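# A structural walkthrough
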Amino acid sequence: MDNAVLDLKKYWLTVNGVSEVFLSDTQKVAIFPYNRQLVIRKNRSIQFDGVVEAGLFTIYGHKFSFSYDTFKIKLQEIDSIKIAVETDKKDMYGNSIVKNVDNLIQLGNAELFIDNPDNKSGLKSLKQYPIINAVTNSYIFYDRIPGLEGIYNRKDFYFRVDPFTYENIDHYSIDEMNLSGEFIGGNILKPMRQYLTIQENNSLGFNMIIPEEGIEVYGNKGRFMII
């Protein structure tokens, strides 16, 4: 395989054998292209399919593009986002112990602002970066819960997450995670607005307040009540 191929019409350089590219050591942002291949375009922009690691967020997908001028990554087709959070526990060096959140946030489009375009070298400490801005709805599905695989079909049972923006995602705590959206409960529950937070089992979930009269289930064929 060629190390690189130059398209003389578009002046795009397809580079092979690239395992990783660190875009910012300061903000902990790196890309890992699928098939170890990326395309370098005008003004040092990069197009690739692959994985973006940004602080405590790991983003998988296709049609990603990095703009050197704006110093951001456009995440056009996100397959999934894996999130980790800093816990209250410390390691032997006094650093917060990090744990992965069990759920994946899937689909959707987003932008990742790595740093201020005038601070590409990271000489200034701009703590709000990196910033992730999800510009469309994304989804959490429940069809792969261990022991319940395939029970909750993703077409009927899911949480639709509203567009969201989070700053400083290289230092992210449990208390900061709060995702608004709509829970679609198939034929069991009516669609309802809720807020996802990190639960004790380190998954994204919500707590429902059940009124005294209960809530209807299965198309009003029954009612769920706390006695």
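Preceding this section is the structure that the text describes.
Presented here is an overview of the structure given in this document. Here the structure is a predicted model, which means the values were calculated and not measured. Counting starts from 1 at the beginning of each chain's written sequence and moves along it residue by residue. Reporting in this predicted model follows two pLDDT cut-offs: at least 70 for local features of residues, and 80 or more for side-chain atom pairs to be given and counted; totals over whole chains, interfaces and linings ignore these cut-offs and use all residues. Side-chain measures here rest on the full set of heavy atoms in the structure, leaving out hydrogens and waters.

### Considerations on the overall build of the chain
- Numbering of helices and strands runs from the N terminus; a helix is a DSSP stretch of H or I covering at least four residues, while a strand is a stretch of E covering at least two. Within the chain one finds 0 helices and 19 strands.
- In terms of overall dimensions, the chain has C-alpha extents of about 70 × 45 × 30 Å along its principal axes.
- Burial classes follow relative accessibility: with a 1.4 Å probe on protein chains only, a residue under 20% of its type's maximum area counts as buried, one over 50% as exposed, and anything between as partly exposed. The buried share of the chain, reckoned over its 227 residues, is 40%.
- At a minimum sequence separation of 6, the contacts of the chain that also span at least 24 residues come to 44%.
- Method for areas: the Shrake-Rupley scheme with a 1.4 Å probe, in which residue coverage is limited to the protein chains shown. Here the chain has roughly 13800 Å² of accessible surface; of this, 50% comes from carbon and sulfur atoms.
- When charges are counted, Lys and Arg contribute as positive and Asp and Glu as negative, whereas His and the chain ends are disregarded. A charged residue contributes its charge at one atom only: NZ of Lys, CZ of Arg, CG of Asp or CD of Glu. Within the chain, one finds 25 positive and 29 negative side-chain charges whose respective centroids are separated by 6 Å. Throughout, a contact is declared for two residues whenever any of their heavy atoms are within 4.5 Å.

### A few points about unusual backbone geometry
- Here the amide bond leading from Tyr129 into Pro130 is cis, since omega sits at -5°, within 30 degrees of zero.
- Inspection of the secondary structure puts Pro130 in the loop between β10 (110-113) and β11 (131-134).
- Its identity as a non-glycine residue notwithstanding, Arg36 has a phi of 55°, on the positive side.
- Topologically, Arg36 is positioned in the loop between β4 (29-33) and β5 (37-40).
- For Arg36, a relative accessible area of 45% corresponds to the partly exposed category.

### Observations regarding the layout of surface pockets
- Definitions used throughout: a 1 Å grid over protein atoms alone; a cavity as a set of points that fits a 1.4 Å probe which cannot get out; a pocket as an open set with protein on both sides within 12 Å along at least five of seven lines; a lining residue as one with an atom within 4 Å of a point. Grid points are joined across faces, edges and corners, and a volume is the space filled by probe spheres set on the points. Taken as a whole, the largest pocket spans an internal volume of roughly 480 Å³.
- If you trace the largest pocket, you find 17 residues lining it, with Asp102, Asn103, Phe141, Tyr142 and Ile145 closest to the centre.
- Among the elements of the structure, β9 (96-106) and β17 (204-205) are those that each provide at least two residues to the lining of the largest pocket.

### Thoughts on the pattern of salt bridges
- Here a salt bridge means any side-chain nitrogen of Lys or Arg lying within 4 Å of a carboxyl oxygen belonging to Asp or Glu. Applying the stated criterion across every chain, the model contains 6 salt bridges.
- In this structure, the salt-bridge partner of Glu182 is Arg160, at a minimum N-O distance of 2.4 Å. Here Glu182, found in strand β15 (residues 179-185), pairs with Arg160, found in strand β13 (residues 157-161); they are 22 residues apart in sequence, far enough to count as distant.
- With a relative accessible area of 23%, Arg160 lands in the partly exposed category.
- Put simply, Arg193 and Asp162 hold a salt bridge, and the shortest N to O gap is 2.6 Å. Within this pair, whereas Arg193 is found in strand β16 (residues 192-198), its partner Asp162 is found in the loop between β13 and β14 (165-166), the two being separated by 31 residues in sequence.
- The class for Arg193 is exposed, based on a relative accessible area of 53%.

### A look at the packing of aromatic side chains
- Any two rings among Phe, Tyr and Trp, with Trp reduced to its six-membered ring, count as a pair given centres within 6.5 Å; such a pair is stacked if its planes are under 30 degrees apart, edge-to-face if over 60, and tilted if neither. Enumeration over the complete set of coordinates arrives at 15 aromatic pairs.
- An angle of 65° between the planes, with centres 5.8 Å apart, marks the rings of Tyr139 and Tyr158 as edge-to-face. With Tyr139 in strand β12 (residues 138-141) and Tyr158 in strand β13, the pair connects residues that are 19 residues apart, well separated along the chain.
- For Tyr158, a relative accessible area of 14% translates into the label buried.
- Centroid distance Tyr142 to Phe157: 5.7 Å. Interplanar angle 85°. Geometry classified as edge-to-face. Taken together, the residues Tyr142 in the loop between β12 and β13 and Phe157 in strand β13 connect sequence positions 15 residues apart. Comparing Tyr142 with Phe157 shows no difference in burial state: the two are buried.
- The structure contains a cluster of three or more aromatic residues connected by ring pairs, namely Tyr142, Tyr152, Phe157, Phe159, Phe183 and Phe206.
- The criterion for a charge sitting over a ring is simple: Lys NZ or Arg CZ within 6 Å of the ring centre, and within 35 degrees of the ring normal. Taking NZ or CZ as reference, Lys120 lies 4.8 Å from the ring centre of Tyr68, over its face.

### Considerations on empty space enclosed by the protein
- Going through the model one piece at a time under the given rule, you end up with 1 cavity of 30 Å³ or more.
- Lining the largest cavity, in full, are Ile78, Ile81, Ile105, Leu107, Gly108, Asn109, Ala110, Ile132, Ala134, Thr136, Ser138 and Phe164.
- Broken down by secondary-structure element, the contributors of at least two residues to the lining of the largest cavity are β8 (72-90) and β11.
- Partitioning the lining of the largest cavity into residue classes produces 8 nonpolar, 4 polar and no charged. In this classification, Asp, Glu, Lys and Arg are treated as charged, Ala, Val, Leu, Ile, Met, Phe, Trp, Tyr, Cys and Pro as nonpolar, and every other residue, Gly included, as polar.

### Describing the environment of Glu182
- Judged by its relative accessible area of 21%, Glu182 is partly exposed.
- Spatially, the C-alpha atom of Glu182 lies 5.9 Å from that of Gln194, the residues being 12 residues apart in sequence.
- When near neighbours in sequence (up to four residues on either side) are disregarded, Glu182 contacts Tyr158, Phe159, Arg160, Pro191, Met192 and Arg193.

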